[in-house]
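Take a look at the letters that make up each chain.
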Amino acid sequence: MLYIPGNNPAMIQQGGIYGADSVLLDLEDSVTLSQKDAARILVRNMIKDIDFYETEVCVRINNLGTPFGLSDLEEIVPLQPSAIRYPKTESAEDIVNLLRIIVKIEDRHGLPHNQMTIHAMIETAMGVQNVFEIASRFPRIDAITVGGQDLTADMNIIYTPDGAGIDFARKRIVMAAKASHIDILDTIFPDVNDEEGLRRETEYAKKLGFTGKAVINPRQIDIIHEVFAPTEEEIRKAYRIMKEYKANTAAGIGVFAIDGKMIDAPVVRRAAYVLKLANIEIP
Amino acid sequence: MKLITASQAGTFESSDVIFLIEPLPENSGRKIELYSTVLHQYGLSFNKIVVDMLDQFEMTDIHLIARDKGALEPTIKARLETAIRRSMINPEASIA
């Protein structure tokens, strides 16, 4: 997911060509207070008129506790982007309030309530504490995201490249998302010149269970894709597992072995997931 | 609709345009100044977008200066709408 400042027309109009899975048009932290109105109108027009090709379009609005959040919703909800990202989500009540306003706007415009989804952004200590209820209670939330920079600030700790200060938060948020069967996207890596650091952090995020990672520069996209995409060896192995599984299931065998390693239901589920990531049909 | 104060919107960045607008006395008409890096290629269409928007917002007495660095239509419209809203009493009022 590529962050694009909402008041930068040059970057927005090219958003669909970088190969990111999705772009996040940002009305929040990347826009100065004096330009909130300009960014809101620009993003609205760009969503209407610019072709982002296959790239999903999400919009990060301002929190409803600011003077800008409501106006953001009024302009953006009628356009029904793929998702609204809600920053600084701290409780289920925040989402109840957000959805109440979104549904009202959708009703006014004759829009369905099940098209545009919500990404709840967890970036305060309180949000981390309440994350499971936030993740599990609302069918419209299809992803949770971690805001590492704000979380670090909220915790009054210093950001370090190893992410030690937010490690517990990352793990807790991942677990809440997994238990709720929704996507979980990792925070940005702020140093665009440190490609090795980005790769290390992305590999760590993948190990923890994150399903994607936000980027702030198109240069970071390829590394993220390389890390998250299954390797050829993983795909071959998964394909073989699924093929053997089909044959064994037909023969009434639940657990079997490949090259001396036990293959049971969890291994089969992981193999199916690998093939899904690789866009390969299960044999 | 009537402009109240002078205002501006946009930037001098590439692919952007900056509009400066100010109200003129009643029945003065429109005074439009366009400066663009792509004036020869797109000056006419740029002018049409501006005039159409001023018509839409019923802006009859206005001095408008645009400095364009190759903005696309949605950007031109967004920046002009922002400038107009900023120039009105209630900038958050819907004028769509």
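The rules behind the values
- Residues numbered from 1 in each chain as written.
- Chains lettered and ligands numbered in written order.
- Predicted model: local features only at pLDDT ≥ 70, side-chain atom pairs only at ≥ 80, totals over all residues.
- Pairing = 2+ DSSP bridges.
- Helix = DSSP H or I, 4+ residues; strand = E, 2+ residues; numbered from the N terminus.
- Contact = placed C-beta atoms within 7 Å.
- Nonpolar A, V, L, I, M, F, W, Y, C, P; charged D, E, K, R; others polar.
- Axes fitted to C-alpha atoms, helices over the stretch in contact; angles between N-to-C directions.
- Left-handed = near helix turned anticlockwise from the far one by under 90°.

A. View of the sheet that holds strand E7 (residues 183–186) of chain A. Residue and element names in this part refer to chain A. Read across the sheet, eight strands follow the order E1-E2-E3-E4-E5-E6-E7-E8 without closing on themselves; strand pairing throughout is parallel. Looking at strand neighbours, the two that pair on one side only are strand E1 (2–5) and strand E8 (212–213), the edges of this open sheet. For strand E2 (residues 22–26) and strand E3 (residues 56–60), the ladder comprises five bridges, and the chain directions are parallel. Bridging across to E3, Asp26 finds its partner in Arg60.

B. Spatial organisation of the interface of chain B and chain A. Contacts between the two partners involve 17 residues from chain B, matched on the other side by 13 residues from chain A. With eight residues, helix H2 (residues 73–87) of chain B is the single largest residue contributor to the side of chain B that touches chain A. A breakdown of the residues in the side of chain B that touches chain A according to their chemical character gives six nonpolar, four polar and seven charged.

C. The packing of helix H9 (residues 195–208) of chain A against helix H10 (residues 221–228) of chain A, seen in detail. All names here are of chain A. Running from N to C, H9 and H10 cross one another at 35°; their axes reach a closest spacing of 9 Å. The handedness of the crossing between H9 and H10 comes out as right-handed. Between H9 and H10, the residues in contact are Glu195, Leu198, Arg199, Thr202, Glu203 and Lys206 and Ile223, Ile224, Val227 and Phe228, respectively.

D. Structural view of the sheet that holds strand E4 (residues 62–68) of chain B. Residue and element names in this part refer to chain B. Strand order in this open sheet of four strands is E1-E2-E4-E3, and the pairing throughout is mixed. Only two strands of the sheet have a single partner each, and these edge strands are strand E1 (7–9) and strand E3 (30–36). Within this sheet the neighbouring strands show an average axis-to-axis angle of 10°, counted without direction. Two strands pair when backbone bridges link them, and strand E2 (residues 17–23) and E4 are joined in this way by seven bridges, in the antiparallel orientation. Within E4, the residue paired with Val17 across the bridge is Asp68.

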